[in-house]
Amino acid sequence: MLKLEEILNKYFGYSEFRPGQKEVIEKVLDGQDVIALLPTGMGKSLCYQLPGYIFNKPVLIISPLLSLMQDQVDQMKQFKEKRVVALNSFLNPAQKRAVLHYLHEFRFIFISPEMLLQEQVQQKLNAMELSLIVVDEAHCISQWGFDFRPDYLRIGQVIGKENRPPILALTATATQKVLGDIESYMEMRNPYKFIHSVDRPNIHLGKLMFQGREDKIDWILDHVTKSAGPGIIYTQSRSKTESLSQRLLQAEIPCAAYHGGMDPLDRQFIQQQFIDGSLEWIVATNAFGMGVHKQNVRQVIHESLPSNMANYMQEFGRAGRDGEDSLAVLLYAEGDEELAKFVGIDDYPVDAHVDSYLSYRARQELPISMVHNGEISETAFRVLDYWMHQLHPAEVKQRLTSMKIEKMRAVEEVMDLIDTNACMREKLVHYFGQELESKPTDCCQCCGIEYQSIVQPRVKKDLAAYELNWKKRLEKLLLGIS
Ligand SMILES: [Zn+2]
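Keep in mind it's a predicted model, so treat the numbers as computed, not measured.

Scoring rules and cut-offs
Residues numbered from 1 in each chain as written. Predicted model: local features only at pLDDT ≥ 70, side-chain atom pairs only at ≥ 80, totals over all residues. Heavy atoms only, no water. Helix = DSSP H or I, 4+ residues; strand = E, 2+ residues; numbered from the N terminus. Rg over C-alpha atoms; globule rule 2.2 N^0.38 Å. Buried < 20%, exposed > 50% of the residue type's maximum accessible area, 1.4 Å probe, protein only. Contact = heavy atoms within 4.5 Å. Lys, Arg positive; Asp, Glu negative; His and termini not counted. Charge placed at Lys NZ, Arg CZ, Asp CG, Glu CD. Patch = residues over 30% accessible without salt bridge, like charges linked within 9 Å, V, L, I, M, F, W, Y side chains within 5 Å. Areas by Shrake-Rupley, 256 points an atom, 1.4 Å probe, with all protein chains shown as cover. Salt bridge = Lys/Arg side-chain N within 4 Å of Asp/Glu carboxyl O. Donors = N, O, S within 2.8 Å, 3.2 Å for Na, K, Ca; no water. Tetrahedral: all angles 85-135°; square planar, octahedral: opposite > 155°, others 65-115°. Axes fitted to C-alpha atoms, helices over the stretch in contact; angles between N-to-C directions. Parallel < 35°, antiparallel > 145°, perpendicular 65-115°, else oblique. Left-handed = near helix turned anticlockwise from the far one by under 90°. Nonpolar A, V, L, I, M, F, W, Y, C, P; charged D, E, K, R; others polar. Domains from an automatic or database assignment. Polar contact = N/O pair within 3.5 Å; in protein donor to acceptor, adjacent residues only side chain to side chain. Pairing = 2+ DSSP bridges.

Participant: What is the right way to look at the overall build of the chain in this model?
Facilitator: Scanning the chain from N- to C-terminus turns up 22 helices and 13 strands. Its C-alpha radius of gyration of 24 Å places the chain within 12% of the 23 Å reference for a compact globule of 482 residues. Each principal axis of the C-alpha distribution contributes one length, and for the chain these read about 65 × 60 × 50 Å. When each of the 482 residues of the chain is scored for burial, the buried share is 51%. Within the chain, contacts between residues separated by at least 24 positions form 75% of all contacts whose residues are at least 6 apart in sequence. Mean positive and mean negative side-chain charge positions of the chain (54 and 64 charges, respectively) differ by 5 Å.

Participant: What should I look at first to understand a nonpolar patch on the surface in this one?
Facilitator: Side chains of L339, F342 and V343 sit close together on the surface and give an oily, nonpolar patch of about 260 Å² of accessible area. Its location among the elements puts L339 in helix 15 (residues 336-346).

Participant: Would you explain the coordination of the zinc ion in this entry?
Facilitator: For the zinc ion, the protein coordination sphere consists of C423 (SG), C443 (SG), C444 (SG) and C447 (SG), at 2.3 to 2.4 Å. Classification of the site at the zinc ion rests on its four donor atoms, whose angles at the metal span 101 to 119°, yielding the label tetrahedral. Going along the chain, you hit the donors of the zinc ion in the pattern C-x19-C-C-x2-C. Highlighted residues: C423 in the loop between helix 19 (393-419) and helix 20 (424-431) and C443 in the loop between helix 20 and helix 21 (451-454), separated in sequence by 20 residues. A relative accessible area of 5% means that C423 is categorised as buried.

Participant: Honestly, the packing of helix 14 (residues 309-316) against helix 20 in this entry has me stumped. Any pointers?
Facilitator: Helix-helix packing is characterised by the crossing angle of the two axes and by the distance between the axes. The contact between helix 14 and helix 20 brings their axes to 10 Å, and the two run at 120°. Between helix 14 and helix 20, the angle falls in the class oblique. Regarding helix 14 and helix 20, the two cross each other, and that crossing is left-handed. Across from M309, A310, Y312, M313 and F316 in helix 14, the residues of helix 20 making contact are K427, L428 and Y431. Classifying every residue of the contact of helix 14 with helix 20 by side-chain character gives seven nonpolar, no polar and one charged.

Participant: What am I meant to see in the domain arrangement of the chain here?
Facilitator: We note that the domain assignment places domain 1 (4-195) and domain 2 (198-482) within the chain. Using C-alpha coordinates to define each centre, domain 1 is positioned 26 Å away from domain 2. Counting residues at the interface gives 27 residues for domain 1, matched by 23 residues for domain 2. Along the contact surface separating domain 1 from domain 2 lie zero salt bridges. Counting across the interface, domain 1 meets domain 2 through two residue pairs in polar contact (both at pLDDT 80 or more). Elements represented by at least two residues in the side of domain 1 that touches domain 2 include exactly helix 4 (66-78), helix 8 (140-143) and helix 9 (151-159). In terms of residue count, the dominant contributor to the side of domain 1 that touches domain 2 is helix 4 (four residues). Its residues placed into classes, the side of domain 1 that touches domain 2 shows 14 nonpolar, eight polar and five charged.

Participant: So what exactly am I meant to see when it comes to the side chain of E413 here?
Facilitator: When you line up the elements, E413 lands in helix 19. Contact partners of E413, with chain neighbours within four places excluded, come to M309 and Y431.

Participant: How should I be thinking about the sheet that holds strand 5 (residues 132-135) in this particular structure?
Facilitator: Pairing between the strands of a sheet comes from backbone hydrogen bonds, and it takes one of two forms, parallel or antiparallel. Taken in spatial order, the seven strands make up an open sheet running 3-4-2-5-6-1-7, and their pairing is parallel. Edge positions in the open sheet fall to strand 3 (84-87) and strand 7 (192-195), since each of these has one partner strand only. The average undirected angle you get between the axes of adjacent strands in this sheet is 15°. Bridge count between strand 1 (residues 34-37) and strand 6 (residues 167-171): four bridges; the pairing is parallel. Looking at strand 6, one finds that V34 is bridged to L168. Relative to the sheet, helix 3 (residues 46-54) contacts strand 2 (59-62), strand 4 (108-111), strand 5 and strand 6, its axis offset from that of strand 4 by approximately 140°.

Spelled out as structure tokens, the structure:
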């Protein structure tokens, strides 16, 4: 049999593994369940792609986001892998039937949790032999499962405990609690855990305190006109993304707003412009980021408080994937925590929804009509519906209350980061149950940080000169004039 390094070279063109990869792959090949925490940019996907070339049976990859899934499929196709497919709601019924018919022929099958739960899909999967089940972005089980996409919590039940291939759960950020949730909800069998440090030493952590909200905007405008991107500004609301990006455009900064309420095509277009460098900044809600593979993001600014530490880590972690120095700045104005708490529980089922759900049932109407009648949002209904199937109504109410309290507490934890005079990096790493091994220079606001030594001054693109240059090149090309 070929050595792992030879396979790595043959299929991926690398001569050596990155930290953790080989260890994880060896355990997977041994048939063991594995949880791997590898930070962004450490080559998580290789951990299942390489085994896929050794096994003679398909690898099933459960992936949370359609865009992420599509991106991974495209990347693999670029690397000449033809036997890869994504089973998701992008397929029309005829395409879906065809994919299902030939499913066993594929080497890599990407699937959304919602699709996995469909009976037709389960029947097909049960009839075939899989070599490995991968749960990508596995922290979503815990982070999203309870209050956003309960289908995540059902994955373990669907896969079952007996007669199944090994499970590989991959994540870039997970606390001890989340690691525990992954293990129990996926019904993993004594998994081997590879936990890499969550610290990203090339991202320098700033924070700034302001009196009023408008002061934050003034700082942003000043900062982004002087320092170089590309960068992402995270803010809370959809309307805020629009208004802030307008202000930046007026200051002649090429930028665009991005949020979940936009047309998917528009979103894809903006994402692409950001990736190819025609946009310097994106002003976004937390809908932006996952599946966006841009290596050279230099700055991430939080105009508003993130809703919890894990989100904060993931959001600023989109900077510096190329390993180069990058800046993350957390802005705070008095009262921001109240806003963050409000946003956290805004789209959330309440006790009255539980009562309404029961009366729909009593009238033998489908509770989903609550959504159609505008009583509740679809997201909130999914959460409610999941818990109504799991618990008694009184328990559901209790559960909703405790989840709300939990969300408030999560915001308070982020506030610790604002209030502290101690090292922010240390605080973040401790939050994930780890120890910080060493601090980089310009570590954080509390240890001492010079923004100017981390980010380059902005070079304003002279659009007129750029155009002239372009015309000259075209003339030279077409007419031989130089
Ligand atoms: Zn520090």
